[in-house]
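Observations on the model geometry
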Amino acid sequence: MKAHEGTGMIHAGVSPMALRGDRPGQDVVAGLTPGLSFALVRHAPREMLRVLRRGPAVTVEIHWPSGEAGLFLRCRIELSSRDSWRLPHRRHAHQAANHQSSQLAILAMTFLLAVCGWSVGGAEGMQRALLGSTPRPDETVISRENVYRWFGARLLSPAEVPDLFAILTKVCSRAGLARLPDLYCLPAPRDMNAYALGGPERSAIVLTEGLLRGMTRDEIAGILAHEVAHIRNNDAWTMGWATALRRAIDWTSLAGLALLRTSHHHGGMTSSRPLAMLLSAAPTLGQLLGLALSRVRELDADATALELTGDSRALIAALDKLERHHTGSASSRTSAFVHDPTRLLRSHPATSERVGTLLNLAY
């Protein structure tokens, strides 16, 4: 076969048995499925043998002189993990589990509110409590004046930070957002943080000055992807609904306790003690459910950010930097957070949990 001015290409599919040792069942490269291709190329790297790593995949390139000046035969062996086909399924399952957990948290808060409402006024009281928990339409206007009043942040323009807007445009395009969020910078050089406001129709992202200075380009891309994920998933609306439910639980349980005390003022509350215990615990239960929902939405935003950037290393590096900044120490790679009861009081998962989830979804 003679190549013309370009390159000639031959592809061959190779079965896993093609790279086995002399003894049956002995893999030269365990857990990898190879693909083989040949090409005649005009230019070759300085090294005759090159090994390239791209996530779970490994590519081996060998260049031989073809006998013709300036022409080389390139043999490329692509080794991809046999488990790589499972990654999309694993990510889909993780996303489905997050959505189910979010729905269960909202359902549990709704049920808790219904019980509190029933204790106050029976079926009618339950109906009133549920109707009163509906969040009002978000009338908050995300404008330059409001964001400055809320955070003290100033609006950034594409001419001022073109690289930052180039990253944001790419991430939003992958996320399918029709409109770019407005970017704001909070003049806090010693703080590293980011905030997402609004939903897909109208949104803004606030970045602190310390974060912009302390993060690399890839790490900033990961953080922007995380905030864009919150916007695309409309997490502000979800958490707004949870907040409305929690407030309704607080007021209804308080009214129920007052009613029980009035009804049993003379005879005590012995007959209604289980109900009184439930009403007393309802605000705490509602708050714990709201925190659990927040943690689930954060994990889902991490997974979406990985989907939007495909760069787990930059996401993990950004999380490590944030952990060092806020706690003074690096995040633990252990699963100690599973046995830590204080994790239930956090609005965000432990960094070790977030890193572990990203590693599980990436490899």
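For the structure given in this document, a descriptive report is provided here. (Residues numbered from 1 in each chain as written. Predicted model: local features only at pLDDT ≥ 70, side-chain atom pairs only at ≥ 80, totals over all residues. Heavy atoms only, no water.)

Some thoughts on the sheet that holds strand β6 (residues 154–155)
Ordered in space as β6-β7-β9-β8, the 4 strands form an open sheet in which the pairing is mixed. Edge strands, defined here as strands with exactly one partner in the open sheet, are β6 and β8 (194–198). With 5 bridges connecting them, strand β7 (residues 182–186) and strand β9 (residues 203–208) associate as parallel partners. By the bridge assignment, Y184 is partnered in β9 with V206. (Pairing = 2+ DSSP bridges. Helix = DSSP H or I, 4+ residues; strand = E, 2+ residues; numbered from the N terminus.)

So, the nonpolar core
Formed by 36 residues in total, the largest nonpolar core has its most connected members in L183, I205, L207, L224 and V228. Only α3 (162–175), β7, β9, α5 (217–232), α7 (273–309), α8 (312–327) and α9 (351–362) provide two or more residues apiece to this core. Membership of the second largest hydrophobic core comes to 17 residues, among which are A105, I106, L112 and A248. (Core = buried A, V, L, I, M, F, W, Y, C linked by side-chain atoms within 4.5 Å. Buried < 20%, exposed > 50% of the residue type's maximum accessible area, 1.4 Å probe, protein only.)

As for the packing of α7 against α9
Between α7 and α9, the least distance of the axes is 10 Å, while the angle of their chain directions is 40°. By the angle class used here, α7 and α9 are oblique. Judged by the twist between their axes, the crossing of α7 over α9 is right-handed. Taken together, the residues of α9 that come into contact with α7 (itself represented by E298, L299, D302, A303 and L306) are E353, R354, T357, L358, L361 and A362. Class assignment of the residues belonging to the contact of α7 with α9 gives a composition of 6 nonpolar, 1 polar and 4 charged. (Axes fitted to C-alpha atoms, helices over the stretch in contact; angles between N-to-C directions. Parallel < 35°, antiparallel > 145°, perpendicular 65-115°, else oblique. Left-handed = near helix turned anticlockwise from the far one by under 90°. Contact = heavy atoms within 4.5 Å. Nonpolar A, V, L, I, M, F, W, Y, C, P; charged D, E, K, R; others polar.)

Brief notes about α7
With 37 residues, α7 extends 54 Å between its outermost C-alpha atoms, agreeing within 8% with the 54 Å of an ideal straight helix rising 1.5 Å per residue. Bending of α7 peaks at approximately 45° at the position of A282, with proline P283 no more than four residues after it. In the segment just after α7, G310 is the residue with positive phi, at about 70°. (Expected span 1.5 Å × (residues − 1). Bend = angle between axes of the 7 residues up to and from the residue.)

Observations concerning the environment of H99
Relative to the helices and strands, H99 resides in helix α1 (residues 86–132). By relative accessible area, H99 is classed as partly exposed at 34%. Considering only alpha carbons, one finds H99 and L293, 194 residues apart in sequence, at a separation of 9.9 Å. When near neighbours in sequence (up to four residues on either side) are disregarded, H99 contacts R297 and D300.

Regarding the pairing of β8
For β8 and β9, the ladder comprises 5 bridges, and the chain directions are antiparallel. Looking at the pairing, Y195 lines up with V206 of β9. Hairpin connection between β8 and β9: a loop of 4 residues separates the two successive antiparallel strands.

Notes on a nonpolar patch on the surface
A surface patch of nonpolar side chains, about 390 Å² in accessible area, is lined by L278, L285, L288, L344 and L345. With respect to the element layout, L285 can be found in helix α7. Using a relative accessible area of 36% as the deciding quantity, one classes L285 as partly exposed. (Patch = residues over 30% accessible without salt bridge, like charges linked within 9 Å, V, L, I, M, F, W, Y side chains within 5 Å. Areas by Shrake-Rupley, 256 points an atom, 1.4 Å probe, with all protein chains shown as cover. Salt bridge = Lys/Arg side-chain N within 4 Å of Asp/Glu carboxyl O.)

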